[in-house]
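An overview of the molecular structure
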Amino acid sequence: MTAIEWVRFLIGSLFLLIGIIMFITELYGVFHFKYVLNRMHAAAMGDTLAISACLLGLMIFSGFNFTTLKLFLIIVFLWFASPVSSHVLARLEIATNEKLSQHCEIYQDVSDLERELADRKKAEANSPADTAKEKEVSAL
Amino acid sequence: MELYHTLYITLLVLFSFLMLICLIRAVKGPQVADRLMAVNMMGTMVMVMISVLALLLNEGYLVDICLIYAMISFLAVVVLSKVYIGIYEERVRKKNAEEGSLHDSH
């Protein structure tokens, strides 16, 4: 093999290595998280990023021909399909799980959530001052 | 060329192991959404495996099969989740109807 072929081989294998590492990370995330909606976050990463890296490596191996175009089409299709399937899965979970409030907080109205977030921010802004005061008190 | 051949075989073996782990998730998953997600992940890995096979055998048309596989696995997830939502709602309706009839008889 000439030097250019070696470089092509190394770059392609690098992309494939990145893809496999992403797949392993995805699997680790899927076993690490405790709830479906958290797991979905890890699984969606593999659907887009990991397969893109793997197919990019294969595209570099394949060279400039029609197979490369088709591999690129798979990546483009998955970019459109993966968010939609994740959304449909999340809707399935929301629609069928009766004990949803055990796993995550549910707000009936968006304004409730906004109010609580504002309260939380206010509390965070106040708390450093409180701890500083406590420190002063303890120093005294 | 021997190097490429070795690399492709290694990739295929690795992906088959990763798919086995996915299968464990599909069997263990407590909810239906877990299982569907695991099946979706396995589909993604099979897509990479088919593409590797296309380059290993030097047959370009296998990539077409990979594209169709992507479409079918997407369709499977969407249709299965819609069907399961329908089944669940039917079950809830039946349960509510039974409770209503019990309430009337009292």
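Remember, it's a predicted structure, so these values are computed and weren't measured experimentally.

Counting its secondary structure elements, chain A contains four helices and zero strands. Tracing chain A from N to C terminus, the helices and strands come up as α-α-α-α. For 140 residues, the compact-globule estimate of 2.2 N^0.38 gives 14 Å, and chain A exceeds it by more than 25% at 24 Å. In terms of overall dimensions, chain A has a C-alpha envelope of 75 × 45 × 25 Å along the principal axes. Taking all 140 residues of chain A together, the buried fraction comes to 36%. Total accessible area on chain A stands at roughly 9,000 Å², and carbon and sulfur atoms take up 67% of it. Averaging the locations of the 12 positively and 15 negatively charged side chains of chain A gives two centres separated by 5 Å.

A separate point is the pattern of salt bridges. Within the structure shown, the criterion is met by five salt bridges over all chains. Between Asp34(B) and Arg39(A) there is a salt bridge, and its shortest N-O distance comes to 2.7 Å. Of this pair, Asp34(B) sits in helix 2 (residues 32-57) while Arg39(A) sits in helix 2 (residues 36-62), on two different chains. One exposure class covers both Asp34(B) and Arg39(A), and it is buried. With a shortest N-O distance of 3.7 Å, Asp112(A) and Arg115(A) are connected by a salt bridge.

With that out of the way, let us pick up the nonpolar core. Of all hydrophobic cores here, the largest spans 55 residues; its most connected members are Phe23(A), Leu58(A), Phe61(A), Ile74(A), Phe15(B) and Met45(B). Put simply, the parts of the chain that give this core at least two residues each are helix 1 (3-32), helix 2 and helix 3 (66-96) of chain A together with helix 1 (2-28), helix 2 and helix 3 (62-105) of chain B. Excluding residues that lie within four positions of it along the chain, Phe15(B) makes contacts with Ile20(A), Phe23(A), Cys54(A), Met45(B), Val48(B) and Met49(B).

Basis of the calculations
- Residues numbered from 1 in each chain as written.
- Chains lettered and ligands numbered in written order.
- Predicted model: local features only at pLDDT ≥ 70, side-chain atom pairs only at ≥ 80, totals over all residues.
- Heavy atoms only, no water.
- Helix = DSSP H or I, 4+ residues; strand = E, 2+ residues; numbered from the N terminus.
- Rg over C-alpha atoms; globule rule 2.2 N^0.38 Å.
- Buried < 20%, exposed > 50% of the residue type's maximum accessible area, 1.4 Å probe, protein only.
- Areas by Shrake-Rupley, 256 points an atom, 1.4 Å probe, with all protein chains shown as cover.
- Lys, Arg positive; Asp, Glu negative; His and termini not counted.
- Charge placed at Lys NZ, Arg CZ, Asp CG, Glu CD.
- Salt bridge = Lys/Arg side-chain N within 4 Å of Asp/Glu carboxyl O.
- Core = buried A, V, L, I, M, F, W, Y, C linked by side-chain atoms within 4.5 Å.
- Contact = heavy atoms within 4.5 Å.

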